[in-house]
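# Chain and residue survey
Each chain, letter by letter, is given below.
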Amino acid sequence: MFASILPPTVGFNCIINITTKTVNSKLRGLTEALYILTKANNTRFEFIFTNLVPGTPRLFTSVMGVYKAYNSSKMYRELKLRGAIIQSKQLRILPQEQIFSRVNGVWNLSSDQGNLGTFVITNVRLVWFANMNELFNISLPYLQIASVKVRESKFGMALVVESSEASGGYVLGFRIDPVEKLHEVHKEISALYTVYSQCPVFGVEFILQDKDPRGLEDMNMNNVPRAFLLAGAGQPQTDEDRLDLPEMDEEEIDESVSDAGDVLAAYLADGHHNDLEPVFSAELGLAVEKLKDGYTLQTLWEVIPS
């Protein structure tokens, strides 16, 4: 997320491509820039970022690593139809995924005649695939399930799974014989859905390293701890991967310009300024409130500091 005075936000789902290029910046000279190409509401946007601290490319690689982890974990969050998730009648297992049961003889009621297939129930999703065509399948994460019910249909008692509106609002019907087996599968899916709701699995693990117990006051900003995404990000975990920031030269910091808005806001937020007694101001030739310590008429009056 990037923030400014009018904060734009870039969601990972809107990103088309992320690249880095060496550019000649008027401000920083020859430096590395991060190019983010996005698309939202059929309109394309390109954002270009340069790092104010030279020699720190890991800031850009961290953004690209997080984006890679987001893309590699979509199967944990999104409904997938006709995907390459089955190989030789076996489900391709995701990291952190465990298969709890496999149910044969499950009819998909999406067509009039139905399609015979197999249920694979895991701790992350519900998968069904046709026995005659593995590419005719559906992967429905618990995150996108709105409800799971058993109700009457024109094919008899059926397991009805409704997906969320965000995933398309699908209503999926499955028939399992005998009815006792149908109720067992419904009970198992409902239980796993409840467990997942309490402790969801998103497919991304992270480890916080080098936490400083002394707090921010005593923290050395030249030795910043980092969080590494392990799922597909390819981030190393050695001590050499700490981000060492060079010390900023004092000449690069212009302290002559103060923020007039912050001064006025701090003055007004100090409270009880309406109760101060009036005093004569020789500078204005008027009676004004007595100013608090640390403030002058010039700093409060100026919109653009001189």
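Residues numbered from 1 in each chain as written. Predicted model: local features only at pLDDT ≥ 70, side-chain atom pairs only at ≥ 80, totals over all residues. Heavy atoms only, no water.

### Side note on the overall build of the chain
To keep it simple, the criterion reads: Helix and strand labels come from DSSP, where a helix needs a run of H or I of at least four residues and a strand needs a run of E of at least two; each type is numbered from the N terminus. Whether a residue is buried, partly exposed or exposed follows from its accessible area with a 1.4 Å probe, protein chains only, as a fraction of its type maximum: under 20%, in between, or over 50%, in that order. Residue contacts are counted whenever heavy atoms from the two residues lie within 4.5 Å of one another. Reported accessibility uses the Shrake-Rupley method at a 1.4 Å probe radius. Residues are deemed covered only where the shown protein chains occlude them.
When you go through the chain residue by residue, the secondary structure sums to 4 helices and 17 strands. With 306 residues in all, the chain has 30% of them scored as buried. Across the chain, every contact between residues at least 6 apart in sequence was considered, and the portion connecting residues at least 24 apart equals 45%. Surface exposure of the chain reaches about 20,100 Å², of which carbon and sulfur atoms provide 56%.

### A closer look at the packing of aromatic side chains
Aromatic ring pairs are defined here through the distance separating the ring centres and the angle between the ring planes. The criterion, for reference: Pairing of aromatic rings covers Phe, Tyr and Trp, the last through its six-membered ring, and needs centres within 6.5 Å; plane angles under 30 degrees mean stacked, over 60 mean edge-to-face, and all others mean tilted.
Applying the stated rule across the entire model yields 7 aromatic pairs. Centre to centre, the rings of Phe 12 and Tyr 70 are 5.5 Å apart; their planes meet at 35°, and the pair counts as tilted. Of the two residues, Phe 12 is situated in the segment before strand 1 (15–25) and Tyr 70 in helix 1 (residues 58–72); the sequence distance between them amounts to 58 residues. Here Trp 128 and Phe 174 contribute two aromatic rings whose centre-to-centre distance is 6.4 Å and whose plane-to-plane angle is 45°, an arrangement assigned as tilted.

### Notes on the pattern of salt bridges
Quick note on the threshold: For salt bridges, the criterion is a side-chain nitrogen of Lys or Arg within 4 Å of an Asp or Glu carboxyl oxygen.
Scanning all chains against the criterion turns up 2 salt bridges. A salt bridge links Arg 125 to Glu 97; the nearest nitrogen and oxygen atoms lie 2.8 Å apart. Separated by 28 residues along the polypeptide, Arg 125 in strand 9 (residues 125–130) and Glu 97 in the loop between strand 6 (90–91) and strand 7 (99–108) bring together distant segments of the chain. One salt bridge in this structure joins Arg 175 and Asp 177, with 3.4 Å as the shortest N-O distance.

### A short note on the sheet that holds strand 13 (residues 171–176)
Keep this limit in mind: DSSP bridges decide pairing: two strands pair if at least two such bridges lie between them. Every axis in this analysis is a line fitted to C-alpha atoms, fitted for helices over the stretch in contact. Angles between the N-to-C directions lie between 0 and 180 degrees.
Pairing is antiparallel across the open sheet formed by 8 strands, whose spatial order is 4-10-9-8-7-13-12-11. The open sheet has two edge strands with one neighbour each: strand 4 (80–81) and strand 11 (145–153). By the bridge criterion, 5 bridges tie strand 9 to strand 10 (residues 137–141) in an arrangement that is antiparallel. Within the sheet, the bridge partner assigned to Phe 129 lies in strand 10 and is Asn 137. Along the sheet, helix 2 (residues 179–198) makes contact with strand 7, strand 8 (115–122), strand 9, strand 11, strand 12 (156–163) and strand 13, crossing strand 11 at roughly 165°.

### Topic: the sheet that holds strand 2 (residues 29–40)
Picture the strands of a sheet paired through backbone hydrogen bonds; they go either parallel or antiparallel. Taken together, 3 strands build an open sheet; the order of strands is 1-2-3 and the sheet is antiparallel. The open sheet is flanked by strand 1 and strand 3 (43–50), the only strands paired with a single partner. Here the average twist between neighbouring strands, direction ignored, is 25°. Relative to strand 2, strand 1 runs antiparallel, the two sharing 10 bridges. Considered in strand 2, the bridge of Thr 20 is made with Leu 34. Along the sheet face, helix 1 touches strand 1, strand 2 and strand 3 and points at about 170° away from the line of strand 1.

### Topic: the pairing of strand 11
The sheet contact formed by strand 11 and strand 12 spans 8 bridges and is antiparallel. Counterpart to Val 150 in the pairing with strand 12 is Leu 159. In textbook terms, the turn of a hairpin is the stretch between consecutive antiparallel strands, and for strand 11 and strand 12 this stretch comprises 2 residues.

### Re the nonpolar core
In plain terms, the rule: Only buried Ala, Val, Leu, Ile, Met, Phe, Trp, Tyr and Cys residues count toward a nonpolar core, and they belong to the same one when joined by side-chain atoms within 4.5 Å.
Among the nonpolar cores identified, the biggest contains 28 residues, and Phe 119 and Leu 159 are the most heavily contacted of them. Listing elements by their share of this core, those giving two or more residues are strand 7, strand 8, strand 9, strand 10, strand 11, strand 12, strand 13 and helix 2. A total of 5 residues in this core trace back to one element, the largest contributor, which is helix 2. Excluding residues within four positions of it along the chain, Phe 119 makes contact with Ser 101, Arg 102, Val 103, Val 106, Leu 126, Val 127, Trp 128, Leu 159, Phe 174, Ile 176 and Val 185. Ranked by size, the runner-up nonpolar core spans 8 residues in total, among them Ile 15, Ile 18, Phe 60 and Tyr 67.

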